[in-house]
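The lines below spell out each chain.
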Amino acid sequence: MMTNLRKCAFLLISLAAVGPIMAQQSTPAQQPKPPEGSKPMAIKGAPKDPTELKIDQLIKKMTLAEKVDMIHASSSFTSGGIPRLGIPELTMSDGPHGVRLEHGRGWDETLVHVFDSATYFPTGVCLAATWNPQLGYQQGSALGSESNARGKDVQLGPGINIIRTPLNGRNFEYMSEDPYLVSRMVVGEIKGMQSQGISACVKHYLANNQEIGRSHIDVEMSERALREIYLPGFKAAITEGGANTIMGAYNKFRGQFCTENAYLIDTILKKEWGFKGIVISDWGAVHNTMEALENGTDLEMGTDLSMLPNPDYHKFFLGDTVMTLVRDGAVSEALVDDKVRRILRIMFKTHMMDHSRAKGAFDTKAHQMVARKVAEEGIVLLKNTQNLLPLNNNVRRIAVIGANADRPNAQGGGSSQVRSLYEVTPLQGLKNANSNVEITYAQGYTIARGAQADKALIAQAAQAAAQADVAIIVGGWTHGYDYAVWKDNAYDAEDVDKPDMNMPFGQDELIKAVVKANPKTIVVLMGGGPIDMTQWENTVPSILQAWYPGLEGGTALANILYGKVNPSGKLPMSFPVKLEDVPAHKLGEYPGDDTTVRYNDGIYVGYRYYDTYKVAPLFPFGYGLSYTTFGYSNLSVTPAGPGKVTVRFTVRNTGTRPGAEVAQVYVHEAKCSVDRPEKELKSFEKVYLEPGASKTITLTLNKDAFQYYSEAKRQWVMEPGRFDFLVGSSSRDIRLTGNLEL
Ligand code: BGC
């Protein structure tokens, strides 16, 4: 059996992509032409800003070798510093949901730090399910504080790739199928993280929407899909969130690796959006020195496992080869200077140069409570017939069933894994919640590769259910917590996609047997996204989606089940009935042919497809139940200046419990010269209301809400006409409609 120490090393090694061994030059791939209307950033004379002047001075003092040292890794998670000039190394750490376990500069040091810990927050998809950007800020801020306290300068997250297929093994780390929801949540999270003085690193730019073939697959998509679906989250992260750094993805985009992609990085990110920070490669994602130099990679990271025990990071693509190229006059030193300048700019901005950054804190009660709050607002109540929930005082005996109930399963697998100080499992959470209730536990299924329904375990579970007032099955996906076999039972993990949407380990049979034994059965699903429920959904009265809810997840879940907390999470992605309903799968455009994947689904991702093409999902985008009810009234839609519209309506808590509602505003253009989706989310607000209380919500939509990206004109276009405004509780529960000629 592997020791814990070996397991750690295994994880680190398996998750850090092997870095390049030899730098080389190859013919740069054909560059896509920049769109008309993209404005190249004017390069003017010496910058006037005092920090830029200090940077000028520093750069003047550097030798070429020192500059080059700064633009590639100096260990697995640091870039090179220049002690002579007081320039520190940039220290980085995964990831989006907590500070990854400490392992020092090299793999051996992993062994020294195995007992450390940090707060494990709910994963990105759970955060997005809160639809609460303020909570995004709080989680970001707590995470930034932990990162700071752990001596990190850059926290490698948030991850925001669009959820295009339910099979992507990293969906749990990401946020949504909808670019507007991603944008709102990511801006909050980044601002929170960076409020603590460190840098966020938004990733993976771009189109890393599947793990299969991630190191080489070439993504082809239309310019309209790029602009309307895949770019907006990143644009918001940079232009509104002010992210200091961004990570280039492993995959290719239109024939060129993303990390060194001229169109994505140089044209769009740096010139159109005016990004002044650092483009960091994903680990080992650089493939070509010239492309990286010229197209905008600023810092090459990776883990040179090939050279253990004495890694030589100078052999990276942005290492010695750069020195040779500059000395030979093949590339201008100014290209290197620009990268060094960007790194220094962020160092000054984050007080690395004067060491004046305020200290953070980690493993604090306050951070744990943020994690709990996010889980409480992110867990989604999918079904609740027969008023089985919240559990009432008549419930005296509960059978808790399922391997996921009694194991640490509150995080996804891969580089985002954190060594959590503790984890409240669902079983523990339920035990802690009410000591007057008798709880029996039955495992129900075994987590192991290819494990089928286990008749004996199912019989035990059914018996426990029959003897209880209520049965709670906690199942769903797993993430491969056990490092030694992580790929064997990993469904939500880096470097793997799920094979299909079917419940693994014979859980369908288990659920059917338990419901038969006790119809009062609640199913709690863990995981980064939907699972096929067709075999039992209509027979189970209550279903919850608990995602990977962080170290306080078990407490949050119990609070919801017992009604201490009224659920308010809403799905950030559609849950299709079956995999074949998903556009990418229906078209056969996943996972591609191992060379190329064509996003022929275009802009019709998620509900944009289901609603336009009239395919009913099992649970729609934006959907989630509450223990109370909400009424909508008094919609008014009025012009508010050029290209702007004010949408005003009232939401009232019409039930008997306090609760929160996410009121959603979708827009549809009735007639347009190009196809437009049936509806698109353009605004939302989460409101907390006491029973009987109401609130008038006023939301102002600007021109972005009405435009589409015209491929013919290569620009955003607003076509005059009638726009419908659909206000409701989910994408398929529209309560009020209005329209306006614009
Ligand atoms: C992942 C990144 C991660 C990096 C460093 C890569 O394999 O794709 O998300 O930040 O490793 O661990």
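Residues numbered from 1 in each chain as written. Predicted model: local features only at pLDDT ≥ 70, side-chain atom pairs only at ≥ 80, totals over all residues. Heavy atoms only, no water.

**Focus on unusual backbone geometry**
Then, number 1: Going from Gly 157 to Pro 158, the amide bond is cis rather than trans, its omega being 0°.
Then, number 2: Of note, Pro 158 is situated in the loop between β4 (154–155) and α6 (179–194).
Then, number 3: Of the consecutive residues Lys 203 and His 204, the connecting peptide bond is found in the cis state with omega at -5°.
Then, number 4: In this structure, His 204 sits in strand β5 (residues 199–205). (Helix = DSSP H or I, 4+ residues; strand = E, 2+ residues; numbered from the N terminus.)

**Digging into the packing of aromatic side chains**
To describe a pair of aromatic rings, you give the distance between the ring centres and the angle between the ring planes.
Then, number 1: Under the defined criterion, the tally for this structure stands at 23 aromatic pairs.
Then, number 2: Considering the side-chain rings of Tyr 230 and Tyr 599, the 5.3 Å spacing of their centres and the 45° angle between planes classify their relative orientation as tilted. Placement of Tyr 230 in helix α7 (residues 223–230) and of Tyr 599 in the loop between β17 (596–598) and α19 (607–612) is noted, with a sequence separation of 369 residues between them.
Then, number 3: Take Tyr 230: its relative accessible area is 3%, and that puts it in the buried class.
Then, number 4: Taking the relative accessible area as the measure of exposure, Tyr 599 reaches 2% and is therefore buried.
Then, number 5: When the centroid spacing of 6.1 Å and the interplanar angle of 15° are considered together, the rings of Tyr 632 and Phe 649 count as stacked. Of this pair, Tyr 632 sits in strand β18 (residues 630–639) while Phe 649 sits in strand β19 (residues 645–653), and the two are 17 residues apart along the sequence. Phe 649 shares its class with Tyr 632; the two are buried.
Then, number 6: Within the aromatic cluster, the residues linked to one another by ring pairs are Trp 131, Tyr 180, Tyr 607, Phe 621, Tyr 666 and Phe 684.
Then, number 7: Sitting above the plane of the Phe 362 ring, Arg 150 keeps its charged end 5.1 Å from the centroid.
Then, number 8: In this arrangement the basic side chain of Arg 164 is found over the ring face of Tyr 599, its NZ or CZ atom lying 3.8 Å from the centre. (Phe/Tyr/Trp six-rings, centres within 6.5 Å; stacked < 30°, edge-to-face > 60°. Buried < 20%, exposed > 50% of the residue type's maximum accessible area, 1.4 Å probe, protein only. Lys NZ or Arg CZ within 6 Å of the ring centre and 35° of its normal.)

**Points about the sheet that holds β4**
Then, number 1: The sheet built from 5 strands is open, its strands ordered β3-β4-β5-β7-β10 with parallel pairing. Looking at which strands have only one partner, the edges of the open sheet turn out to be β3 (92–93) and β10 (278–281).
Then, number 2: Note: β5 against strand β7 (residues 245–248), 3 bridges, orientation parallel. Residue pairing in the sheet places Tyr 205 in a bridge with Gly 248 of β7.
Then, number 3: The sheet strands contacting helix α8 (residues 232–240) are β5 and β7, and the helix crosses β5 at an angle near 160°. (Pairing = 2+ DSSP bridges. Contact = heavy atoms within 4.5 Å. Axes fitted to C-alpha atoms, helices over the stretch in contact; angles between N-to-C directions.)

**Looking at the site of the ligand**
Then, number 1: Neighbouring residues of the ligand: 15 residues in total, closest Asp 94, Arg 170, His 204, Asp 282 and Glu 494.
Then, number 2: With respect to the ligand, the side chain of Glu 494 contributes an N or O atom lying 2.6 Å from an oxygen atom.
Then, number 3: Within the complex, the protein chains bury 100% of what would otherwise be the 310 Å² of accessible surface of the ligand.
Then, number 4: Looking at side-chain class alone, the shell around the ligand contains 6 nonpolar, 2 polar and 7 charged residues. (Near = heavy atom within 4 Å. Polar contact = N/O pair within 3.5 Å; in protein donor to acceptor, adjacent residues only side chain to side chain. Areas by Shrake-Rupley, 256 points an atom, 1.4 Å probe, with all protein chains shown as cover. Nonpolar A, V, L, I, M, F, W, Y, C, P; charged D, E, K, R; others polar.)

**Some remarks on the pattern of salt bridges**
Then, number 1: Applying the stated criterion across every chain, the model contains 42 salt bridges.
Then, number 2: The partner of Asp 469 in a salt bridge is Arg 397, with the nearest N and O atoms 3.8 Å apart. Taken together, the positions of Asp 469 in the loop between α15 (455–466) and β14 (470–476) and Arg 397 in strand β12 (residues 397–401) put the pair 72 residues apart, joining distant regions of the chain.
Then, number 3: Of the residues examined, Asp 469 reaches a relative accessible area of 24% and is grouped as partly exposed.
Then, number 4: For Asp 492, the salt bridge goes to Lys 498, with nearest N and O atoms at 2.8 Å. The exposure classification of Asp 492 matches that of Lys 498, with both residues buried. (Salt bridge = Lys/Arg side-chain N within 4 Å of Asp/Glu carboxyl O.)

**Some details on the packing of helix α5 (residues 133–149) against helix α13 (residues 365–378)**
Then, number 1: For the pair α5 and α13, the least separation of the axes is 10 Å and the interaxial angle reads 150°. Classified by the interaxial angle, the pair formed by α5 and α13 is roughly antiparallel. With respect to the hand of their crossing, α5 and α13 are arranged in left-handed fashion. Counted together, Leu 135, Gln 138, Gln 139, Ala 142, Ser 145 and Glu 146 of α5 and His 367, Val 370, Lys 373, Val 374 and Glu 377 of α13 form the full contact between these two elements.
Then, number 2: Grouping the constituent residues of the contact of α5 with α13 by class yields 4 nonpolar, 4 polar and 3 charged. (Parallel < 35°, antiparallel > 145°, perpendicular 65-115°, else oblique. Left-handed = near helix turned anticlockwise from the far one by under 90°.)

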